[in-house]
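Commentary on secondary and tertiary structure
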Amino acid sequence: MADFPEFMNAKLVAEYLDLNEKKVYALANDGLLPATKVTGKWLFPKAMLDKWLLESCHNGVLTDRLLIAGSDDPLLQCVVGKMANQLGSTALVGYTSTGTRQGLAMLSKGHVDICAIHWGNVEEASLRHPALLQQYPGHKNWVLIHAFERKQGLVVSSELADAVNSRSIQLHELLSPRWRWVLRQQGAGSMRALEEWIHGHGYNMTMLNQVDCCNSERELASAIAREKADIGCASQSTAGEFGLGFIPLCTEAFELVIPKNIYFRTLQQQLLQSLTNSEIQAHGDQLGGYNFTRTGQQVWSTN
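Residues numbered from 1 in each chain as written. Predicted model: local features only at pLDDT ≥ 70, side-chain atom pairs only at ≥ 80, totals over all residues. Heavy atoms only, no water.

Right, let's get into the sheet that holds strand β3 (residues 41-45). Pairing within the open sheet is antiparallel, and its 3 strands lie in the order β1-β3-β2. Either end of the sheet is taken by a strand with one partner, and the two such strands are β1 (7-8) and β2 (36-38). Bridge analysis of β1 against β3 gives 2 bridges, and the strand direction is antiparallel. Its bridge partner lying in β3, M8 is registered against F44. (Pairing = 2+ DSSP bridges. Helix = DSSP H or I, 4+ residues; strand = E, 2+ residues; numbered from the N terminus.)

On to the pattern of salt bridges. Scanning the model with the defined rule gives 12 salt bridges in all. The salt bridge involving D50 is made with K46; its shortest N-O contact spans 3.2 Å. Here D50 pairs with K46, and both are found in helix α3 (residues 46-56), just 4 residues apart, close to one helical turn. Residue D50 is classed as partly exposed on the basis of its relative accessible area of 24%. Using a relative accessible area of 17% as the deciding quantity, one classes K46 as buried. The partner of R128 in a salt bridge is E196, with the nearest N and O atoms 2.8 Å apart. Taken together, the residues R128 in helix α6 (residues 125-133) and E196 in helix α8 (residues 189-200) connect sequence positions 68 residues apart. Taking relative accessible area as the criterion, R128 reaches 18% and is therefore assigned buried. Ionic contacts of the salt-bridge type, sharing partners, join the residues D73, R150, E217 and E252 into one network. (Salt bridge = Lys/Arg side-chain N within 4 Å of Asp/Glu carboxyl O. Buried < 20%, exposed > 50% of the residue type's maximum accessible area, 1.4 Å probe, protein only.)

Two elements in contact, helix α4 (residues 74-87) and helix α11 (residues 266-275), have axes separated by 10 Å at closest approach and are oriented at 130°. With respect to each other, α4 and α11 are oriented oblique. Where α4 crosses over α11, the handedness of that crossing is right-handed. Contacts from L76, V79, V80, M83, Q86 and L87 of α4 reach α11 at L267, Q270, L271, S274 and L275. Looking at the contact of α4 with α11 residue by residue, the class counts come to 8 nonpolar, 3 polar and no charged. (Axes fitted to C-alpha atoms, helices over the stretch in contact; angles between N-to-C directions. Parallel < 35°, antiparallel > 145°, perpendicular 65-115°, else oblique. Left-handed = near helix turned anticlockwise from the far one by under 90°. Contact = heavy atoms within 4.5 Å. Nonpolar A, V, L, I, M, F, W, Y, C, P; charged D, E, K, R; others polar.)

For the rest of this paragraph, the subject is the environment of V155. As for its position among the elements, V155 is in strand β7 (residues 142-156). For the pair formed by V155 and N141, sequence separation is 14 residues and the distance between their alpha carbons is 36 Å. Once you skip the residues sitting within four places of it in the chain, V155 turns out to touch L220, I224, D230, I231, G232, A234, S235, A239, L244, G245 and F246.

To continue, consider the pairing of β7. Within β7, 14 of the 15 residues are buried, leaving the element largely enclosed by the surrounding structure. Pairing geometry for β7 and strand β11 (residues 245-259), over 14 bridges, is antiparallel. The residue of β11 that forms the bridge with K151 is T251. The pairing of β7 with strand β13 (residues 298-301) spans 3 bridges and is classified as antiparallel. The residue bridging L144 from the neighbouring strand is W300, located in β13.

Moving on, we get to unusual backbone geometry. Even without a glycine there, the phi angle at D18 is positive, about 60°. Among the structural elements, D18 can be located in the loop between α1 (10-17) and α2 (21-29). Despite not being glycine, R167 has its phi angle at roughly 65°, a positive value. Turning to its location among the elements, R167 is positioned in the loop between α7 (158-165) and β8 (180-184).

If you want it as structure tokens, here you go:
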């Protein structure tokens with residue numbers, strides 16, 4: 001083993017792993033082996049290969065790390081917080097709101113263990129989500145688990161929500177320059193939902209009076225609660241958490257992307273089981289907008 005260099009080509013990796021060289025190329029092209037291309041040729045860091053081998057043993061059930069990225073959700077934040085508190089210093093559990101697309105990019109590079117996604121209304125999720133995943137290297141090693149359905153829409157003050165509901169203000173009037181919008185970063189699922197709604201009214205995003213861009217739903221809701229902005233797009237649960245008004249636009253599927261080779265890790269399974277916990281679901285009902293009918297179901301996987 002000591003004779004192998006720090007960076008190896010495909011031929012050396014085939015010898016190191018006792019694989020056919022064509023199989024090494026196939027695994028690299030599918031994003032399943034840690035590798036990088038330099039001047040068109042694959043290079044494989046030996047340290048990363050060793051880590052990959054260790055994490056493959058016993059499906060990684062002894063691993064004490066669970067890092068989650070992707071779409072933001074208050075209930076998932078609650079679950080992760082409870083897990084981190086229960087585990088104490090025995091494991092690292094973290095959740096970073098990056099938006100759907102950046103989360104998938106991080107998952108494809110092995111930087112995180114799970115990516116949370118939402119990409120349009122629930123009726124189209126069975127087509128949209130797999131199509132989105134297939135744009136990223138490594139997707140052949142991924143499985144898609146349904147977490148819950150949730151309401152997505154406009155987060156506003158309670159007074160503005162009442163005005164829209166009483167029709168003293170028409171919904172499309174919220175697109176006028178009078179109202180200050182706070183948006184999410186590009187690649188976030190809420191931006192996708194907002195863009196589709198705006199385009200349906202013959203507008204585009206550049207026509208909005210944007211006053212801020214936020215990297216999480218809580219940051220967005222905080223800006224509205226502090227009266228730094230009037231409107232943003234987020235989940236009903238986020239509006240409920242901040243005591244704000246909510247105008248529904250669609251129901252969406254919120255789902256978790258997990259690599260198959262680490263799906264049965266203890267922490268991954270603990271997270272999925274937590275989503276079916278009656279106390280967690282009761283908390284979701286208090287926040288508002290959730291439907292747990294299909295929670296935990298596998299909805300997509302490659303053969």
